[in-house]
Amino acid sequence: MAAANDSQPHAETVQVLRDTANRLRIHSIRATSTCGSGHPTSCCSAAEIMSVLFFHAMRYKQSDPEHPDNDRLVLSKGHAPPVLYATWAEVCDICPCDLMSLRRFHCKLEGYPTPRLSFVDAAMGFLGQGLGAACGMAYTGKYFDKASYRVFCLMGDGEAAEGSVWEALAFAAHYGLDNLVAIFDVNRLGQSGTAPLEHRTDIYKNRCEAFGWNAYIVDGHDVEALCQAFWQAAHVKNKPTAIIAKTFKGRGIPNIEDADYWHGKPMPKERADAIIKLIESQIQTNRNLTPKPPIEDSPQINISHIKMTSLPAYKVGEKIATTEAYGIALAKLGHACERVIALDGDTKNTTFSEIFKKDHPERFIECFIAEQNMVSVALGCATRDRTIVFVSTFAAFLTRAFGQIRMGAISQTSINLVGSHCGVSVGEDGPAQMALEDLAMFRSTPNCTIFCPSDAVSTEHAVCLAANTKGMCFIRISQLETAVIYPPEENFEIGQAKVVHYSVDDKVTVIGAGVTLHEALAAAADLSQQGISIRVIDPFTIKPLDAATIISNARTTGGRIITVEDHYREGGIGEAVCAAVSREPDISVHQLAVTEVPRRGNPGELLDMFGISAKHIIKAVKSTLMN
């Protein structure tokens, strides 16, 4: 039987949708009871919403969940994946028997959804992030793919307390994302008590409308009302739509529906069978509706093997900040590939992403001062390999979005984060703007490549390499003008360090990156006048670190290493080097790093004050040789 395609489905379709919702409840209760954990009550409140979404509102290919023209669903209330898994069991992409392996070690059906599953685009479960990711998918669909696919985001009412949700609401309205529908599952109860607004759906509606959204209040257990609301949403132009669905947690479960203290608790096995039998008694049909096929109008995309059209246009000795070199390189990369996009958080005039905007205005997304949402939007843009995403802001501001970065890593997404204004070399702006913990943050992020380019040439190579790298990348750049030290034809590879100053008489190996590499080179020149030779290494990537080059050069220089970095000692380059040489008994590492909260001043004064200038490197070299 085909699904109805208008706002008022016929009676038989309505009954099948009701029955499908009850089967979703049964699957969810049975799976969570079998594994002894999970959130069946949260699944039960969303059952009718999921039934109507997948078997009436959404267009997709059942046999190909990753098809680029499929409508997307983001399950932002990521603690309720059994209802998502149950839906795909009804769609026939999952064998119903696999639901009984929920949360087990060998099973892909995890406690929270991840892209290990073909029908999951982004990992969820860290509440408040799904709508931002959905914004990125919808923006890509409307402005880059110019395609018909639509994006739906199912949210819990509890997560509406997160500020990132309202950042996303503002973003979607500003860009008129009429292909986006957010569904608030207002079931009144949170994890440990009631949600702040309980069932006051009018307040949710008023707030969404105040943010520029079209909004409807519906009974979330009335499939006819849901069909009508989704049909209306599909016909709204230039505004996203919010569907405020009043539901009850644990719907259909006697004595548990709308009751406190059942969040995250499976039904006891002795009760589950009776509950399931009761719900089965309400099912009148044994039919499935066939989802509508997608409109196949998105462009075919190939974002692999992107190459710059020419070598970097810099001369050795020329002075330029790596921030400016980044902006130039990104614009250049945009000419090489039309699927390169850039996001910025109202810092484009200092991160120099404005150069990209000038050359490619249609591929630049201004996310304003909302870094959490900016990263979530980037994650959404990157799903299904539709774009090559670069995100830039002050590196210190990225710490605000660490939760989103963390979930991006769990999603194994490929986005490139670029942080400017790193270290005390920021100067007069003071410590609030100085990123001194960014390397620690990204070193702790799995499958993240960290670039720390030291001049304009290496910055351009970092940008191109990042564009072609799977997984997350972080590029650390500085606004301090530094000399170009590499010729345009220099080759760079991830995990390959550069020995930039050496002689056969070197006594110490000094490792610096970014601004401190230039301090190390200045120290080497000064020490040379005093008859002391040191070797200087540019690691280029901090993760992966070129341990082999570091160890071999350290052995040549008597096992003596000095690291110097414009970063706090904890989690930075020094600790990365210490870890790399930890099994080498004859190598010692002396770390120069910022060890206290800095203050304002000019960059030279601050590098000196916090012990990471050429003067302090010279002192450390002499001390090391004396000892």
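This one's a predicted model, so the numbers in the text were calculated from it and none came from an experiment.

1. A short note on the overall build of the protein
- A tally of helices and strands in the protein yields 22 helices and 19 strands.
- The C-alpha radius of gyration of the protein comes to 28 Å, within 12% of the 25 Å expected for a compact globule of 627 residues.
- Its C-alpha atoms give the protein principal-axis dimensions of about 90 × 50 × 40 Å.
- The buried share of the protein, taken over its 627 residues, is 60%.
- Excluding contacts between residues fewer than 6 apart, the proportion of contacts in the protein whose partners are at least 24 apart in sequence is 78%.
- Of the roughly 23,500 Å² that the protein leaves accessible, carbon and sulfur atoms contribute 49%.

2. Thoughts on the packing of helix α3 (residues 47–57) against helix α8 (residues 223–234)
- Orientation of α3 relative to α8, taken along the N-to-C sense of each, is 50°, at an axis distance of 10 Å. The pairing of α3 with α8 is recorded here as oblique in orientation. Classified by chirality, the crossing of α8 by α3 is right-handed. Where α3 approaches α8, its residues Glu48, Ile49, Val52, Leu53, His56 and Ala57 are matched on the opposing element by Val223, Leu226, Cys227 and Phe230.
- A per-class count over the contact of α3 with α8 returns 8 nonpolar, 1 polar and 1 charged.

3. Quick word on the sheet that holds strand β8 (residues 364–366)
- Taken in spatial order, the 7 strands make up an open sheet running β8-β7-β9-β10-β12-β11-β17, and their pairing is mixed. Looking at the sheet topology across the chains shown, the edges are occupied by β8 and β17 (541–543). Mean inter-strand twist for the sheet, computed between neighbouring axes without regard to direction, equals 20°.
- When strand β9 (residues 388–394) meets strand β10 (residues 415–420), the two strands line up parallel, connected through 6 bridges. Within β10, the residue paired with Ser392 across the bridge is Val418.
- Sheet contacts for helix α13 (residues 371–382): β7 (340–344), β8, β9 and β10; angle to β9, the most-contacted strand, approximately 170°.

4. Remarks on the sheet that holds strand β2 (residues 151–156)
- The sheet built from 5 strands is open, its strands ordered β1-β2-β3-β5-β4 with parallel pairing. One side of each edge strand has no neighbouring strand; the edge strands of this open sheet are β1 (72–75) and β4 (214–219). The sheet shows a mean angle of 20° between the axes of neighbouring strands, taken without regard to direction.
- Summarising the sheet, β1 and β2 pair through 4 bridges and their orientation is parallel. Paired with Arg72 across the bridge in β2 is Val151.

5. Side note on helix α6 (residues 163–174)
- In this model α6 runs 17 Å from its N-terminal to its C-terminal C-alpha over 12 residues, within 8% of the 16 Å that 1.5 Å per residue would give.
- Among all positions in α6, only Ser164, Val165, Trp166, Ala168, Leu169, Phe171, Ala172 and Ala173 are buried.

6. Structural notes on the domain arrangement of the protein
- Splitting the protein by domain gives domain 1 (12–281), domain 2 (318–484) and domain 3 (498–626).
- Inter-centroid distance (C-alpha atoms) of domain 1 to domain 2 is 32 Å.
- Contacts between the two partners involve 31 residues from domain 1 and, on the opposite side, 27 residues from domain 2.
- For the pair domain 1 and domain 2, the two sides together bury roughly 2,300 Å², of which 57% comes from carbon and sulfur.
- Contact with domain 2 buries area across many residues of domain 1, yet Gln129, Phe144 and Glu167 alone supply 25% of it, more than any other trio.
- Between the two partners, domain 1 and domain 2, sit 3 salt bridges.
- Across the salt bridge formed by Asp145 and Arg386, the nearest N and O atoms sit 3.0 Å from each other.
- Here domain 1 and domain 2 share 9 residue pairs in polar contact (both at pLDDT 80 or more) between them.

7. Re the environment of Asp429
- Tracing the chain through its elements places Asp429 in the loop between β10 and α16 (438–443).
- Linking Asp429 and Ile244, residues 185 residues apart in sequence, is a C-alpha distance of 44 Å.

8. Details of the pattern of salt bridges
- One pass over the full model with this rule turns up 25 salt bridges.
- Several salt bridges converge on common partners, so that one network encompasses Asp145, Arg339 and Arg386.

9. Some words on the state of the cysteines
- Within this structure, the stated rule accounts for 0 disulfides.
- Looking at the unpaired Cys35, the closest cysteine sulfur is the one in Cys107, lying at 9.7 Å.
- A relative accessible area of 23% means that Cys35 is categorised as partly exposed.
- As a non-bridged cysteine, Cys135 has Cys153 as the owner of its nearest cysteine sulfur, 8.2 Å distant.

10. Points about α13
- The terminal C-alpha atoms of α13 lie 17 Å apart, and with 12 residues this matches the ideal 16 Å at 1.5 Å per residue to within 8%.
- α13 sits mainly inside the fold: 11 of its 12 residues count as buried.
- Buried residues of α13: Glu371, Asn373, Met374, Val375, Ser376, Val377, Ala378, Leu379, Gly380, Cys381 and Ala382, and no others.
- Positive backbone phi, approximately 60°, marks Arg384, located one or two places after α13.

11. Quick word on the pairing of β7
- For β7, the buried fraction is high: 5 of the 5 residues fall into the buried class.
- Along β7, one buried face is formed by Val340, Ala342 and Asp344 and the opposite face, lined by Ile341 and Leu343, is buried too.
- Here β7 pairs with β9 via 5 bridges, running parallel. Bridge pairing in β9 places Asp344 opposite Ser392.
- Pairing of β7 with β8, which is carried by 3 bridges, proceeds in the parallel orientation. The residue of β8 that forms the bridge with Leu343 is Ile365.

12. Overview of the side chain of Asp178
- Locating Asp178 in the fold gives a position in the loop between α6 and β3 (180–186).
- Its relative accessible area of 16% is what places Asp178 among the buried residues.
- Within the local environment of Asp178, its side chain forms a polar contact with the backbone nitrogen of Asn238, the two atoms lying 2.8 Å apart.
- Beyond its immediate stretch of four places on either side in the chain, Asp178 contacts Lys142, Arg150, Ala233, Val236, Lys237, Asn238, Lys239 and Pro240.

13. Some details on the pairing of strand β16 (residues 534–538)
- Burial analysis of β16 places 5 of its 5 residues in the buried class, which makes it a mostly covered element.
- The alternating pattern of β16 places Ile534, Val536 and Asp538 and Arg535 and Ile537 on opposite faces, both of which are buried.
- Relative to β16, strand β14 (residues 498–501) is paired through 3 bridges, and the arrangement is antiparallel. Pairing of Lys498 across the sheet is with Asp538, part of β16.
- Sheet topology note: the strand β15 (residues 508–512)/β16 ladder contains 4 bridges and is parallel. Paired with Val510 across the bridge in β16 is Val536.

Each value, and the rule that gives it
Residues numbered from 1 in each chain as written. Predicted model: local features only at pLDDT ≥ 70, side-chain atom pairs only at ≥ 80, totals over all residues. Heavy atoms only, no water. Helix = DSSP H or I, 4+ residues; strand = E, 2+ residues; numbered from the N terminus. Rg over C-alpha atoms; globule rule 2.2 N^0.38 Å. Buried < 20%, exposed > 50% of the residue type's maximum accessible area, 1.4 Å probe, protein only. Contact = heavy atoms within 4.5 Å. Areas by Shrake-Rupley, 256 points an atom, 1.4 Å probe, with all protein chains shown as cover. Axes fitted to C-alpha atoms, helices over the stretch in contact; angles between N-to-C directions. Parallel < 35°, antiparallel > 145°, perpendicular 65-115°, else oblique. Left-handed = near helix turned anticlockwise from the far one by under 90°. Nonpolar A, V, L, I, M, F, W, Y, C, P; charged D, E, K, R; others polar. Pairing = 2+ DSSP bridges. Expected span 1.5 Å × (residues − 1). Domains from an automatic or database assignment. Buried area = accessible area lost by both parts, 1.4 Å probe. Salt bridge = Lys/Arg side-chain N within 4 Å of Asp/Glu carboxyl O. Polar contact = N/O pair within 3.5 Å; in protein donor to acceptor, adjacent residues only side chain to side chain. Disulfide = S-S within 2.5 Å.

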